[in-house]
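Residue-level listing of the chains:
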Amino acid sequence: MNETEREITNHMTALQGDHPHAVGGQQMRRVSLESISVLQMVGSPFAPVFNAALNGETIAAPEVSAVDIAVFAWIHSAPEDDVLQVALQCAPDYASPAIRAAMKCIRGWSMEEVAKVVEYAMADARAVVAATFDLEAPNYGGDGKKKS
């Protein structure tokens, strides 16, 4: 990302504000630190994209399955407390509770609506990269040398 892309993305994000995206008659929340954490908890392939964005990096879009997209949609459209409660029941390589909740959540969504979920996810990832572009590490004092 260069400075111009960052400025355009930041302006578009500011214009959009905190308004959620609408998909399938549902209001999708914007990506947040909590939702990134939940993506990580359930082993979503979207998690590394957003973790990289938090570090001001971009990585190639992951290969995702229909289940991955459904879980992403559920995390961002179901009531937050319900999502967190189910995600806390998951473990690495065991996301069955989240998958079950996601499948119930997205019943009846069209393929167009599902495609919008992915589009919104990638737009939010770009917004996170733009927000952290050229961000300096905090200075906690000291000379940076390791003390023995």
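Everything numeric in this text was worked out from a predicted model, so none of it was measured.

If you tally the helices and strands in the protein, you get seven helices and two strands. Mapped from its N terminus to its C terminus, the protein presents α and β elements in the order α-β-β-α-α-α-α-α-α. Each of the 148 residues in the protein was classed as buried or not, and the buried ones make up 36%. Summarising the internal contacts of the protein: among those between residues at least 6 apart in sequence, 71% fall at separations of at least 24. Carbon and sulfur atoms make up 53% of the accessible area of the protein, which totals about 9400 Å².

Attention now moves to the packing of helix 4 (residues 66–77) against helix 6 (residues 96–105). Viewed as axis vectors pointing N to C, helix 4 and helix 6 meet at an angle of 80°, and their least axial separation amounts to 8 Å. The pairing of helix 4 with helix 6 is recorded here as roughly perpendicular in orientation. Packed against helix 4, whose contacting residues are Val67, Ala70, Val71, Trp74 and Ser77, the element helix 6 presents Ala98, Ile99, Ala101, Ala102, Met103 and Cys105 at the interface. Residue classes in the contact of helix 4 with helix 6 are distributed as ten nonpolar, one polar and no charged.

Glancing now at the packing of aromatic side chains. Tallied over the entire structure, the rule returns two aromatic pairs. Note on Phe50 and Phe72: the rings are 6.3 Å apart at their centroids and 15° apart in plane angle, and the pair reads as stacked. Highlighted residues: Phe50 in helix 3 (residues 47–54) and Phe72 in helix 4, separated in sequence by 22 residues. Connected via pairs of aromatic rings, a cluster forms that spans Phe46, Phe50 and Phe72.

A few words on the confidence of the model for the protein. Considering every residue of the protein, the mean pLDDT works out to 77; 68% of them sit at 70 or more. Confidence, read as mean pLDDT per element, is least for helix 1 (residues 3–16) in the protein (50) and greatest for helix 5 (residues 80–87) (96).

Where helix 2 (residues 33–41) is concerned, the buried positions are Ser35, Ile36, Val38 and Leu39. In an axial view of helix 2, the angular spread of the buried residues amounts to 160°, which keeps them on one side of the axis. In the stretch just after helix 2, Gly43 is the one whose phi turns positive, near 75°.

Formed by 33 residues in total, the largest nonpolar core has its most connected members in Val42, Phe46, Phe50, Phe72, Trp74 and Ile75. Going through the elements one at a time, helix 2, helix 3, helix 4, helix 5, helix 6 and helix 7 (111–132) are the ones with two or more residues in this core.

A side chain with one charge may pair with a side chain of the opposite charge, provided their charged atoms come close. Scanning all chains against the criterion turns up one salt bridge. Between Arg29 and Glu80 there is a salt bridge whose closest N-O contact spans 3.7 Å. Taken together, the residues Arg29 in the loop between strand 2 (26–28) and helix 2 and Glu80 in helix 5 connect sequence positions 51 residues apart. Using a relative accessible area of 22% as the deciding quantity, one classes Arg29 as partly exposed.

Turn by turn, an α-helix covers 3.6 residues, leaving residues three or four places apart pointing in a common direction. Regarding helix 3, the residues found buried are Ala47, Val49, Phe50, Ala52 and Ala53. Gly56 sits one or two residues past helix 3 and shows a positive phi near 75°.

Our focus in this paragraph is the packing of helix 2 against helix 3. Following both chains from N to C, one finds helix 2 and helix 3 inclined at 135°, their axes separated by 9 Å at the closest point. Classified by the angle their axes make, helix 2 and helix 3 are oblique. Along this stretch, helix 2 crosses helix 3, giving a crossing that reads as left-handed. Of the residues in helix 3, those touching helix 2 at Leu33, Ile36, Leu39 and Gln40 are Ala47, Phe50, Asn51 and Leu54. Grouping the constituent residues of the contact of helix 2 with helix 3 by class yields six nonpolar, two polar and no charged.

Rules used in this analysis
Residues numbered from 1 in each chain as written. Predicted model: local features only at pLDDT ≥ 70, side-chain atom pairs only at ≥ 80, totals over all residues. Heavy atoms only, no water. Helix = DSSP H or I, 4+ residues; strand = E, 2+ residues; numbered from the N terminus. Buried < 20%, exposed > 50% of the residue type's maximum accessible area, 1.4 Å probe, protein only. Contact = heavy atoms within 4.5 Å. Areas by Shrake-Rupley, 256 points an atom, 1.4 Å probe, with all protein chains shown as cover. Axes fitted to C-alpha atoms, helices over the stretch in contact; angles between N-to-C directions. Parallel < 35°, antiparallel > 145°, perpendicular 65-115°, else oblique. Nonpolar A, V, L, I, M, F, W, Y, C, P; charged D, E, K, R; others polar. Phe/Tyr/Trp six-rings, centres within 6.5 Å; stacked < 30°, edge-to-face > 60°. pLDDT = per-residue confidence, 0-100. Arc of directions from axis to C-beta. Core = buried A, V, L, I, M, F, W, Y, C linked by side-chain atoms within 4.5 Å. Salt bridge = Lys/Arg side-chain N within 4 Å of Asp/Glu carboxyl O. Left-handed = near helix turned anticlockwise from the far one by under 90°.

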